[in-house]
Amino acid sequence: MSLRWQPALLDPAMGGGWAVVHCQQGFLCDANGVLFPRDWLKRLDLPLLSEQGLGFFDGDQVFLMELAHPVEVPGAGWQGLRQFMMHDDDTERFRMLGFAAQISTWASHHRFCGSCGNPMRQHATERAMQCESCGIHHYPRISPSMIVLVTRGDELLLARSPRFAPGVYSTLAGFVEPGESVEQCVRREVHEEVGVSIHEPQYICSQGWPFPHSLMLGFHAEYASGEIVMQPEEIEDAGWFSIHDLPALPAHKSIARYLIDLYLARRLGRTEPMLPG
Ligand SMILES: NC(=O)C1=CN([C@@H]2O[C@H](COP(=O)(O)OP(=O)(O)OC[C@H]3O[C@@H](n4cnc5c(N)ncnc54)[C@H](O)[C@@H]3O)[C@@H](O)[C@H]2O)C=CC1
Ligand SMILES: [Mg+2]
Ligand SMILES: [Zn+2]
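So, how was this worked out
- Residues numbered from 1 in each chain as written.
- Chains lettered and ligands numbered in written order.
- Predicted model: local features only at pLDDT ≥ 70, side-chain atom pairs only at ≥ 80, totals over all residues.
- Heavy atoms only, no water.
- Donors = N, O, S within 2.8 Å, 3.2 Å for Na, K, Ca; no water.
- Helix = DSSP H or I, 4+ residues; strand = E, 2+ residues; numbered from the N terminus.
- Buried < 20%, exposed > 50% of the residue type's maximum accessible area, 1.4 Å probe, protein only.
- Domains from an automatic or database assignment.
- Contact = heavy atoms within 4.5 Å.
- Buried area = accessible area lost by both parts, 1.4 Å probe.
- Salt bridge = Lys/Arg side-chain N within 4 Å of Asp/Glu carboxyl O.
- UniProt positions renumbered as here; feature names shortened; annotations may be inferred.
- Near = heavy atom within 4 Å.
- Polar contact = N/O pair within 3.5 Å; in protein donor to acceptor, adjacent residues only side chain to side chain.
- Areas by Shrake-Rupley, 256 points an atom, 1.4 Å probe, with all protein chains shown as cover.
- Nonpolar A, V, L, I, M, F, W, Y, C, P; charged D, E, K, R; others polar.

The next subject is the coordination of the magnesium ion (ligand 2). Binding of the magnesium ion (ligand 2) to the protein goes through Ala-173 (O) and Glu-193 (OE), at separations of 2.2 Å. Within this pair, whereas Ala-173 is found in strand β13 (residues 172-175), its partner Glu-193 is found in helix α4 (residues 182-194), the two being separated by 20 residues in sequence. For Glu-193, a relative accessible area of 4% corresponds to the buried category.

Here it is, written out as structure tokens:
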């Protein structure tokens, strides 16, 4: 199957092609979507911070135009990446926008060298920012994170963070620390967040998660021992939920929901879900 979205290193000094326009408010979009003719955009007086070559969508060149602040463009508006994830069934377009958002975050956070403070510029042959003075490279930032469904027979251990939508409970997640394996991270995070011990976690699958730059590594683990003790800052509530009486769950497009739906399908003999993206 050929994918409609293919990342590629394109030189922004080239003219033509299409562009997605991004700022802190999200992406510019109109009735035709998120791709605008680049030469047309260049004639508008946009507060352009930087440009990046992104890749090909349906075979056409796509660039990123990063703006310093949102502007009014007649007939168009700004939409956040989460809205595209929730309400857009075009997964290839969401993959392109997720990539664009991650490149945008990384490039705008690496305008100056963290080592010597001089300006950085785009590397000619790699997706990297390079310091003009000391030569140091910075590659796009990806943060490995584990996400795990802990189960005890017909019960799922689900928790809610204060950041979640009201009533929603999810699987446990957390960032991998330097020097640790993902499996060690799973055991540590589960212990930190809810105080229980688990049997050896089993890797299931992964999902790129551009909020802002996580790579979610999904696991299943069986409960081993301990009572739930919640970590006060991270976890607002946690508990064991019967597969026959579940609370509100995360969105279908998340790996959290996939891990839950996969377990339910296997336990109840239903058709297994598809991992989105
Ligand atoms: N796709 C999905 O289904 C889900 C994705 N996630 C994602 O998983 C990631 C980790 O989950 P959390 O429970 O929030 O993590 P966590 O349990 O490690 O704690 C979050 C805290 O870690 C710190 N932190 C932020 N960025 C960090 C980094 N790059 N490295 C180390 N520490 C950092 C901050 O203090 C933050 O408040 C987040 O990006 C979150 O959006 C979480 C749940 C579901
Ligand atoms: Mg967490
Ligand atoms: Zn430098």
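Bringing the domain arrangement of the chain into the picture now. Interface size is commonly expressed as the accessible area that is lost once the parts come together. Each assigned domain of the chain is listed here: domain 1 (5-108) and domain 2 (143-268). Computed over C-alpha atoms only, the centres of domain 1 and domain 2 are separated by 33 Å. Facing 9 residues of domain 1, the contacting portion of domain 2 comprises 7 residues. Across the domain 1/domain 2 interface, buried area totals approximately 790 Å², and carbon plus sulfur atoms make up 69% of it. Interface area lost by domain 1 to domain 2 is led by Arg-82, Met-85 and Gln-102, which between them contribute 57%. Linking domain 1 to domain 2 there are 1 salt bridge. Close ionic contact of Asp-89 with Lys-253 constitutes a salt bridge, the shortest N to O distance being 3.6 Å.

The next subject is the UniProt feature "binding site: a divalent metal cation 3" (unreviewed entry) in the chain. Feature annotation in UniProt places "binding site: a divalent metal cation 3" (unreviewed entry) on Glu-189, Glu-193 and Glu-234, given in this structure's numbering. In terms of the greatest pairwise C-alpha distance, the residues named above, spread along 46 residues, form a tight cluster of at most 10.7 Å across. Relative to the assigned elements, Glu-189 resides in helix α4. If we ignore the near neighbours within four places in the chain, the residues touching Glu-189 are Met-146, Ala-173, Gly-174 and Phe-175. Mapped onto the secondary structure, Glu-234 falls in the loop between β16 (214-225) and β17 (237-242).

What follows covers the site of ligand 1. The environment of ligand 1 is made up of 19 residues, and the closest members are Arg-163, Phe-175, Glu-193, Ser-214 and Ala-256. Trp-209 has a polar side-chain atom sitting 3.2 Å from an oxygen atom of ligand 1. Side-chain polar atom of Glu-234 to an oxygen atom of ligand 1: 3.3 Å apart, as the coordinates give it. In isolation ligand 1 offers 840 Å² of accessible surface; the protein chains occlude 66% of this area. Of all elements in the fold, only β11 (143-152), β13, α4, β15 (202-209), β16 and α5 (255-268) reach the threshold of two or more residues within the shell around ligand 1. Within the shell around ligand 1, the residues separate by chemical class into 8 nonpolar, 6 polar and 5 charged.

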